[in-house]
Amino acid sequence: MTSVPGPVDQPQPTAGAVHTVPDDAVGTAVPASVAPTGWPASPAGGYGYPAPEPDRLTRVVLRLYERSPRWAVPLAAVGCVGLGMAYALLSNPTEADPDAAPTCLLKLTTGLDCPGCGGTRALWYVLHADLPAAARHHFLFVFALPFLAYLFVAWAANQAFGWRLPELRISSRVIVGFLGAWLAFSVLRNLPWAPFTSLYV
């Protein structure tokens, strides 16, 4: 009869020894057959860790998504966009008081334009085909609107009908540059000197 070696009989790692990990293995467990002593073994099924169980709300949403027709999600997104446009048209933000609800909390309390101030008014002017006035209230919103509209239409057409429109590739550098320009615009429009005062809305 042979005995199974216990933890004491197993070879122990040398004190102060450093185990190197390959770059492509960071964050993954290694099978017990090849793992050095003391490394966690991967669960059954190979590398990686098991996915966490989704909560009840997530399961309900996933079940509804799986059972809904492919056009349901794009239709809901179109509905949300339509509600936003309807709100801009009906509320007419160009004639609303600065403290009319809903209002920008930052501007109400500090008097400063936030990064999104003027966006609703710009949308109202866009819907009325007055692009100069829209750009006056939020130039970057008007600049980004055609790209956002195309990305939305391409996504909705692919989701609902399987149409594949030409892909609009936007690199991470372009996104970082746009966010940097937005940040600069948000600061410059609050400076109390000409010509920056013309950007204040």
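The rules behind these values
- Residues numbered from 1 in each chain as written.
- Predicted model: local features only at pLDDT ≥ 70, side-chain atom pairs only at ≥ 80, totals over all residues.
- Heavy atoms only, no water.
- Salt bridge = Lys/Arg side-chain N within 4 Å of Asp/Glu carboxyl O.
- Core = buried A, V, L, I, M, F, W, Y, C linked by side-chain atoms within 4.5 Å.
- Buried < 20%, exposed > 50% of the residue type's maximum accessible area, 1.4 Å probe, protein only.
- Helix = DSSP H or I, 4+ residues; strand = E, 2+ residues; numbered from the N terminus.
- 1 Å grid on protein atoms, 1.4 Å probe; cavity = no way out; pocket = protein on both sides within 12 Å on 5 of 7 lines; lining within 4 Å.
- Points joined across faces, edges and corners; volume = space filled by probe spheres on them.
- Nonpolar A, V, L, I, M, F, W, Y, C, P; charged D, E, K, R; others polar.
- Axes fitted to C-alpha atoms, helices over the stretch in contact; angles between N-to-C directions.
- Parallel < 35°, antiparallel > 145°, perpendicular 65-115°, else oblique.
- Contact = heavy atoms within 4.5 Å.
- Phe/Tyr/Trp six-rings, centres within 6.5 Å; stacked < 30°, edge-to-face > 60°.
- Lys NZ or Arg CZ within 6 Å of the ring centre and 35° of its normal.

Give me the lowdown on the pattern of salt bridges, citing residues and values where you can.
The final tally for this structure, using the stated rule, is three salt bridges. A salt bridge links Asp-113 to Lys-107; its shortest N-O distance comes to 2.9 Å. Put simply, Lys-107, Asp-113 and Arg-189 are held in one network by salt bridges that share partners.

Would you mind going over the nonpolar core in detail, with residue names and values included?
Formed by Ala-122, Trp-124, Tyr-125, Ala-133, Ala-134 and Val-142, the largest nonpolar core amounts to six residues. Looking at this core, the elements with two or more residues in it are α4 (119-127) and α5 (131-137). If one sorts the elements of this core by residue count, α4 sits on top with three residues.

Can you lay out the layout of surface pockets for me, pointing to particular residues and giving the numbers?
Over the atoms a probe the size of a water molecule is rolled, and this reveals where empty space is left. A volume near 420 Å³ is recorded for the second largest pocket. Lining the second largest pocket are 19 residues, and of these Phe-143, Ala-144, Phe-147, Leu-148 and Phe-178 sit closest to its centre. Elements represented by at least two residues in the lining of the second largest pocket include exactly α6 (139-161) and α7 (172-188). Here the lining of the second largest pocket gets seven residues from one element, more than from any other, and that element is α6. Grouping the amino acids of the lining of the second largest pocket by side-chain chemistry returns 15 nonpolar, three polar and one charged.

Could you give me a rundown of the packing of α6 against α7, with the residues and numbers involved?
α7 packs onto α6 with a crossing angle of 155 degrees between their chain directions and a minimal axis gap of 10 Å. What the angle tells us is that α6 and α7 run roughly antiparallel. Every residue of α7 that contacts α6 at Phe-139, Leu-140, Phe-143 and Ala-144 is listed here: Phe-178, Ala-181, Trp-182 and Phe-185. Taken together, the residues of the contact of α6 with α7 break down into eight nonpolar, no polar and no charged.

Give a description of the packing of aromatic side chains that names residues and reports values.
For the structure on display, the rule yields six aromatic pairs. Here Phe-143 and Phe-147 contribute two aromatic rings whose centre-to-centre distance is 5.6 Å and whose plane-to-plane angle is 50 degrees, an arrangement assigned as tilted. Here Phe-147 and Phe-143 lie together in helix α6, a separation of four residues that amounts to about one turn. Accessibility expressed as a relative area gives 38% for Phe-147, which makes it partly exposed. Taken together through their ring pairs, the aromatic side chains of Phe-139, Phe-143 and Phe-147 make up a single cluster. Between the NZ or CZ atom of Lys-107 and the centre of the ring of Tyr-200, over which it lies, the distance is 4.7 Å.

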